[in-house]
Amino acid sequence: MSNPTSTRPLHSRNFTYGSDSGTQPKVFPPPTLGSFSLHGYLEGYKGAAKVRRGIYVAEHCHELSTESYMAALDELEASTYNTKLHAEVSKRLGQLGVSVVTGSGEWKRSADQMAMRENSELQKEIAEAKSGNLVSVCQRAHKGLADLYAKMGNTEEAFRVLQSAREFSGDATDHVDLQVSAARIAQSTFRWMQVSTFVQRAFTGATAKQGTIWLEGTVIQMQASFGDSKWHDVAKGLSQLSISESDAPKVFEAGNVTQRDIALYATLSALMTMDRKEIKEKFINNLGFSKFFEAMPECLELLKDFYASKYLAMLALFDQVLSFCVLDPVVGPHVAHIKGVVVDNIVVMYSTPYMSVSLEAMARELHIASVSTLECILVRLITSKRIVARIDAVSGYLCKHRVDPRDATLAHIEKMYKVFDSQVDLMKAHIMFLEEESRRSSSSKTQRA
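A.B. asks: I'd like to hear about the nonpolar core, residue by residue, with values.
C.D. replies: The nonpolar side chains of a soluble globular protein tend to be buried with one another. One finds Leu238, Phe318 and Val347 to be the most contacted residues of the largest nonpolar core, which totals 114 residues. In contact with Val347, not counting residues within four places along its chain, are Met362, Leu366, Ile368, Leu374, Ile377, Leu378, Leu381 and Ile387. One finds Val51, Ile55, Val89 and Leu93 within the second-largest nonpolar core, a separate group that totals eleven residues.

A.B. asks: An account of the confidence of the model for the protein chain is needed here, citing residue identities and associated values.
C.D. replies: As a note on interpretation, predicted positions should not be read in detail where pLDDT is low. Taken as a whole, the protein chain shows an average pLDDT of 87; of its residues, 91% reach a score of 70 or greater. For the protein chain, helix H1 (residues 10-13) is the element with the lowest average pLDDT, namely 48, and helix H14 (residues 259-273) is the one with the highest, namely 97. In the predicted structure, residues 1-8 sits below a pLDDT of 50 and forms 24 contacts with residues beyond four places in sequence or in another chain. Every residue in residues 12-21 is under pLDDT 50, and counting partners more than four places away or in other chains gives 24 contacts.

A.B. asks: Just give me the short version of the pattern of salt bridges, but keep the residues and values in it.
C.D. replies: Inspection of every chain in the model, using the stated rule, returns 15 salt bridges. For the salt bridge of Arg53 with Asp328, the shortest nitrogen-to-oxygen distance reads 2.7 Å. Taken as a pair, Arg53 in helix H3 (residues 47-60) and Asp328 in the loop between helix H18 (311-325) and helix H19 (335-351) lie far apart in primary sequence, 275 residues in all. Arg53 gets classed as buried once you look at its relative accessible area, which sits at 0%.

A.B. asks: Let's hear about the packing of aromatic side chains: which residues, and what values?
C.D. replies: All told, the structure shown has 15 aromatic pairs when counted by the stated rule. Relative to Tyr41, the ring of Phe36 has its centre 6.3 Å away and its plane inclined at 40°; by these criteria the two rings are tilted. An aromatic cluster is built from Phe252, Phe283, Phe289, Phe292 and Phe293, whose rings are joined through pairwise contacts. The ring of Phe292 carries Lys291 above its face, with NZ or CZ at 5.7 Å from the centroid.

A.B. asks: Break down the packing of H3 against helix H4 (residues 65-79) for me, citing the residues and quoting the values.
C.D. replies: In contact at an axis separation of 8 Å, H3 and H4 are set at 165° when each is read in the N-to-C sense. Relative to H4, the element H3 is oriented roughly antiparallel. In this structure, H3 meets H4 at a crossing whose hand is left-handed. The segment H3 lies against H4, with Gly47, Lys50, Val51, Gly54, Ile55, Val57, Ala58 and Glu59 engaging Ser65, Ser68, Tyr69, Ala72, Glu75, Leu76 and Ser79. Across the contact of H3 with H4, the residue classes tally to seven nonpolar, five polar and three charged.

A.B. asks: Describe the pairing of strand E2 (residues 389-392), with residues and values.
C.D. replies: In summary, the side chains of a regular strand alternate between the two faces of the sheet. Note that E2 and strand E3 (residues 397-400) share four bridges and pair antiparallel. Its bridge partner being in E3, Ala389 is matched across the sheet by Lys400. The antiparallel pairing of E2 with E3 creates a hairpin that spans four residues between the two strands, and Gly396 there sits at a positive phi of about 75°.

A.B. asks: Talk me through empty space enclosed by the protein; I want residue IDs and the actual numbers.
C.D. replies: One pass over the full model with this rule turns up one cavity of 30 Å³ or more. Reported here for the largest cavity is a volume of approximately 40 Å³. If you trace the largest cavity, you find it lined by Gln187, Glu216, Ile220, Val251, Phe252, Ala254, Gly255, Asn256 and Val257. Tallied by class, residues from the lining of the largest cavity come to five nonpolar, three polar and one charged.

A.B. asks: If you had to explain the sheet that holds E2 to someone new, which residues and values would you point to?
C.D. replies: Strand order in the open sheet formed by three strands is E1-E3-E2, and the pairing between neighbours is antiparallel. The sheet is open, and its two edges are formed by strand E1 (356-358) and E2, each paired on a single side. Each neighbouring strand pair of the sheet contributes to a mean axis angle of 20°, computed without reference to strand direction. Here E1 runs beside E3; their pairing, made up of three bridges, is antiparallel. Each residue of the ladder has a partner; that of Ser358, found in E3, is Tyr397.

A.B. asks: Outline the side chain of Glu75, supporting the account with residue identities and numerical values.
C.D. replies: As for its placement among the helices and strands, Glu75 is situated in helix H4. Here Glu75 falls in the buried class, since its relative accessible area comes to 13%. A distance of 2.8 Å separates a polar atom in the side chain of Glu75 from the backbone nitrogen of Gly47. Sequence-distant contacts of Glu75, that is, excluding residues within four places in its chain, are made with Lys46, Gly47, Lys50, Val51 and Thr80.

A.B. asks: Any details on the packing of H4 against helix H5 (residues 83-95)? Residues and values, ideally.
C.D. replies: Where H4 contacts H5, the axes come no closer than 10 Å and their chain directions differ by 155°. In terms of orientation, H4 lies roughly antiparallel with respect to H5. Taken as a pair, H4 and H5 cross one another with a handedness that is left-handed. Together, Thr66, Tyr69, Met70, Leu73, Leu76 and Glu77 of H4 and Leu85, His86, Val89, Ser90, Arg92 and Leu93 of H5 make up the contact between the two elements. Of the residues in the contact of H4 with H5, the class split is seven nonpolar, three polar and two charged.

A.B. asks: Just give me the short version of helix H11 (residues 212-227), but keep the residues and values in it.
C.D. replies: With 16 residues, H11 extends 23 Å from end C-alpha to end C-alpha; this agrees with the ideal 22 Å at 1.5 Å per step. Most of H11 sits inside the fold, with 13 of its 16 residues counted as buried. Directly beyond the C-terminal end of H11, a positive phi value near 65° is found at Ser229.

A.B. asks: Pulling in residues and values, what's your account of the state of the cysteines?
C.D. replies: Applying the stated criterion across every chain yields a total of zero disulfides. Looking at Cys399, it has no disulfide partner, and the nearest cysteine sulfur is the one in Cys376, 18 Å off. You can call Cys399 buried: its relative accessible area is 15%.

Definitions and cut-offs
- Residues numbered from 1 in each chain as written.
- Predicted model: local features only at pLDDT ≥ 70, side-chain atom pairs only at ≥ 80, totals over all residues.
- Heavy atoms only, no water.
- Core = buried A, V, L, I, M, F, W, Y, C linked by side-chain atoms within 4.5 Å.
- Buried < 20%, exposed > 50% of the residue type's maximum accessible area, 1.4 Å probe, protein only.
- Contact = heavy atoms within 4.5 Å.
- pLDDT = per-residue confidence, 0-100.
- Helix = DSSP H or I, 4+ residues; strand = E, 2+ residues; numbered from the N terminus.
- Salt bridge = Lys/Arg side-chain N within 4 Å of Asp/Glu carboxyl O.
- Phe/Tyr/Trp six-rings, centres within 6.5 Å; stacked < 30°, edge-to-face > 60°.
- Lys NZ or Arg CZ within 6 Å of the ring centre and 35° of its normal.
- Axes fitted to C-alpha atoms, helices over the stretch in contact; angles between N-to-C directions.
- Parallel < 35°, antiparallel > 145°, perpendicular 65-115°, else oblique.
- Left-handed = near helix turned anticlockwise from the far one by under 90°.
- Nonpolar A, V, L, I, M, F, W, Y, C, P; charged D, E, K, R; others polar.
- Pairing = 2+ DSSP bridges.
- 1 Å grid on protein atoms, 1.4 Å probe; cavity = no way out; pocket = protein on both sides within 12 Å on 5 of 7 lines; lining within 4 Å.
- Points joined across faces, edges and corners; volume = space filled by probe spheres on them.
- Polar contact = N/O pair within 3.5 Å; in protein donor to acceptor, adjacent residues only side chain to side chain.
- Expected span 1.5 Å × (residues − 1).
- Disulfide = S-S within 2.5 Å.

Right, here's the structure in full:
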């Protein structure tokens, strides 16, 4: 039986999550997060997003490969006409020793025929609408044609059709609708720069910054910002996000992002960029955000443990959450960086109250593999001046620098002297200016006399 990752990854042949080098993806064990199930993870996604997530899981976890590829194949047959990707997934299943259902050939023929028929009907509708100058009909048909090309896996053609549809957009609402449609297609293929461009175009000059289309655009932008490593933007933006129960189905209807994703992006970004006070105020006590935590309760538990300084429990759960995150195409490429930043933040906060602390005790409390690993972290934090201390290798303690009050007084006096000296220089310059002005005035009067 062949290894499913023995050839170039499928996701790099289509639209990549990371690099497009075609190198073999890193493989991980199944998640240790107790609430994880592949069906539950993929359930909220639709269409191309669900297919690509299934493929990503299959290529990064051998134990889940068969189930993930089967889920991707089922979604391909249920909601797309992408026969090329269907053939590739079927081939991968064959390499795993799984015989694809014989009806797949019939599905391919049926999908090709339906795609051709829909294409013909939409092209005819566009031509008739153009001749009759029916702007709204023409725009709707263009959007339908773009959706068809996206279902076929031809996203470039879908973008071209939506670009053409801009000629027939009547008002600002039509413009926003077209740009968000383009953002959805880019979002389903994880093209974050394109997503951000389309969303910015959608809301540039928009007068009504409200409604479900505005909320959906905000959610799309938050996912793109996370995929693009803009952690501060995500934490700030999601802390202000409020979606009512009645609006949620429409906002998440496209199936490219789920409420669980929002909880996860907010939690990871907050742990990286916010202090405990901000986390409590903007997320833990934020009733408007509580509905997202219901989709992934572990996120709220992480933030509460972080706020309460329960670092051992928090880091144990954090590792479980990250074991799931490595199989997510949006979060996965950033997991190593996220863990490093969060651990750094915890080390800084843990050491803050103490004048000296045992490295062995700190490593044990913070769930760090060894004292030498902790020392490497501390050296980095000391070098960057996030911790003002020194490592006593003999005693095995981190010792903070004690500032002598006399040194502090001297530093204050030196600072005052520099301020006074700069003020004296300014006064001298001003006097010289006034003297020069006086000479010029006298010279002018003499000449007139």
